[in-house]
Amino acid sequence: MPKLHEAKTILVLRTLLSFALFCTTVLLSLSVCGKTVWFNKSLIEQSFQSYDYVESVKSSTVEYVNDVYLRNGLDNKNIKDIITYNQIKEIVKAYVSSTIGAGTEYNETTYSEDIDNICNAIEKDINTQVKEKQLQSNGKAVGEIKKTVNEFINSEIEIDTGELKSSLNMLRIADIVVLCVSLFFTVSFALILVFLGDSARRYRSIRAVGVSCYSAGVFNIILSIVLTIIFSIKKIDIFPIYLRNVVMDYINTCILSIVFAAVILLFVGIVASVLIWKIRKVRFQR
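All values derive from a computational prediction rather than experimental measurement.

Peer 1: Honestly, the overall build of the protein in this entry has me stumped. Any pointers?
Peer 2: Secondary structure summary: the protein contains 10 helices and 0 strands in total. Mapped from its N terminus to its C terminus, the protein presents α and β elements in the order α-α-α-α-α-α-α-α-α-α. Expressed as a percentage of its 286 residues, the buried residues of the protein come to 38%. Contacts in the protein between residues far apart in sequence, at least 24 positions, make up 80% of those at least 6 positions apart.

So this is what it looks like as structure tokens:
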């Protein structure tokens with residue numbers, strides 16, 4: 001079969017469209033990652049409800065209250081019943097949800113009330129012990145213990161977020177805009193490419209679409225590798241350690257979303273390659 005030749009204009013236009021499709025596909029894949037993972041308030045909230053994080057906050061709080069009890073000559077046998085995993089989990093959930101605006105179920109007073117419930121239970125336990133030991137009651141001292149415990153729990157769950165809620169909302173809006181624009185241009189460039197030139201050379205246009213998807217997939221893989229190297233070398237200075245672990249785990253989840261997007265793009269590229277092979281096979285059989 002004689003080799004098909006195309007006008008130079010078509011070849012240049014196909015190359016330019018393929019590169020443009022590569023750029024918009026990368027933007028589209030990253031904006032989808034942003035929509036589904038990076039700026040997903042529900043996922044952020046869930047990451048702070050992990051067992052390790054909640055258990056670390058609980059253990060730290062129990063250890064602090066135990067120390068307060070021992071310094072004041074009190075029996076600390078009831079502390080683990082007063083400060084439970086489920087209570088701390090609810091406090092953390094309420095705090096994070098109200099901070100990032102993940103839902104309307106919680107607000108700033110919800111977690112404060114939950115902390116107050118723990119402090120009130122501690123006050124009740126102290127007063128019971130004072131009564132049982134027939135010691136002189138000191139309301140001021142008990143009130144001071146309640147205050148220090150309240151402040152400690154708040155310091156354990158508080159995150160230096162600054163304007164996190166407003167920033168997150170702005171990023172979500174920006175991401176949706178980028179997603180819509182990149183989706184429009186990706187579909188437009190792909191359609192123009194597919195129908196560029198005559199039908200006898202259609203496989204070349206499909207090949208250009210496949211190359212763009214392959215390139216976008218490889219780009220995302222390289223990006224995920226670079227980000228992994230950066231965050232493995234440069235640790236984020238966040239304390240306590242268990243808070244830093246939550247942040248790092250979420251960053252790793254975001255990087256994995258880029259890898260997942262890359263796999264999908266490479267799969268699309270493979271589909272395009274198979275389609276090209278079938279088209280050429282049918283054409284050469286004629």
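Peer 1: So what exactly am I meant to see when it comes to a nonpolar patch on the surface here?
Peer 2: Residues Ile173, Val177, Val181, Phe184 and Phe185 make up a contiguous nonpolar surface patch of roughly 480 Å² in combined accessible area. Assignment of secondary structure puts Phe185 in helix H8 (residues 164-194). Overall, Phe185 belongs to the partly exposed group, its relative accessible area being 37%.

Peer 1: What is the right way to look at the packing of aromatic side chains in this model?
Peer 2: Working definition: an aromatic ring pair is given by the centre-to-centre distance plus the angle between the planes. Counted according to the given criterion, the structure contains 9 aromatic pairs. With centroids separated by 6.2 Å and ring planes inclined at 90°, the aromatic side chains of Trp38 and Phe39 adopt a geometry described as edge-to-face. What makes Trp38 partly exposed here is its relative accessible area of 23%. Linked through ring pairs, Phe19, Phe22 and Phe219 together constitute an aromatic cluster.

Peer 1: Is there a simple way to think about the environment of Tyr64 in this case?
Peer 2: Here Tyr64 is to be found in helix H3 (residues 51-71). When the C-alpha positions of Tyr64 and Phe152 are compared, they lie 8.1 Å apart, and in sequence the two are 88 residues distant. If near-sequence neighbours (up to four positions away) are discounted, Tyr64 is found in contact with Thr148, Val149 and Phe152.

Peer 1: For this particular structure, what's the right way to read the environment of Phe260?
Peer 2: Counting through the fold element by element, Phe260 comes out in helix H10 (residues 241-285). Taking relative accessible area as the criterion, Phe260 reaches 57% and is therefore assigned exposed. Residues Phe260 and Asn220, spaced 40 residues apart in sequence, show a C-alpha to C-alpha distance of 9.1 Å.

Peer 1: Looking at this model, I keep getting lost on the pattern of salt bridges. Mind explaining?
Peer 2: Charged atoms that come close allow side chains of opposite charge to pair. Using the criterion set out here, one finds 3 salt bridges in the structure. The salt bridge partner of Glu123 is Lys146, with a shortest N-O separation of 3.2 Å. A residue pair is termed long-range when its members are at least 10 positions apart, and Glu123 in helix H6 (residues 108-132) and Lys146 in helix H7 (residues 139-157) qualify at 23 residues. According to the relative accessible area criterion, Glu123 is partly exposed, its value standing at 27%. With relative accessibility at 22%, the residue Lys146 sits in the partly exposed group.

Peer 1: What is the right way to look at the packing of H3 against helix H5 (residues 85-100) in this model?
Peer 2: Two packed helices can be described by the angle between their axes and the distance between those axes. Their axes nearest at 9 Å, the elements H3 and H5 cross at an angle of 110°. Regarding the angle of H3 to H5, the classification is roughly perpendicular. Contact residues: H3 offers Tyr51, Tyr53, Val54, Glu55, Val57 and Lys58, while H5 offers Tyr85, Ile88, Lys89 and Val92. A per-class count over the contact of H3 with H5 returns 7 nonpolar, no polar and 3 charged.

Peer 1: Explain the packing of H3 against H7 to me, please; I cannot follow it from the model alone.
Peer 2: Where H3 contacts H7, the two axes come as close as 10 Å, and the packing angle between them is 155°. Of the possible angle classes, the one that applies to H3 and H7 is roughly antiparallel. Crossing angle aside, the handedness with which H3 passes H7 is right-handed. Every residue of H7 that contacts H3 at Tyr53, Val57, Ser60, Thr61, Tyr64, Val65 and Val68 is listed here: Ile145, Thr148, Val149, Phe152, Ile153, Glu156 and Ile157.

Cut-offs used in this document
- Residues numbered from 1 in each chain as written.
- Predicted model: local features only at pLDDT ≥ 70, side-chain atom pairs only at ≥ 80, totals over all residues.
- Heavy atoms only, no water.
- Helix = DSSP H or I, 4+ residues; strand = E, 2+ residues; numbered from the N terminus.
- Buried < 20%, exposed > 50% of the residue type's maximum accessible area, 1.4 Å probe, protein only.
- Contact = heavy atoms within 4.5 Å.
- Patch = residues over 30% accessible without salt bridge, like charges linked within 9 Å, V, L, I, M, F, W, Y side chains within 5 Å.
- Areas by Shrake-Rupley, 256 points an atom, 1.4 Å probe, with all protein chains shown as cover.
- Salt bridge = Lys/Arg side-chain N within 4 Å of Asp/Glu carboxyl O.
- Phe/Tyr/Trp six-rings, centres within 6.5 Å; stacked < 30°, edge-to-face > 60°.
- Axes fitted to C-alpha atoms, helices over the stretch in contact; angles between N-to-C directions.
- Parallel < 35°, antiparallel > 145°, perpendicular 65-115°, else oblique.
- Nonpolar A, V, L, I, M, F, W, Y, C, P; charged D, E, K, R; others polar.
- Left-handed = near helix turned anticlockwise from the far one by under 90°.

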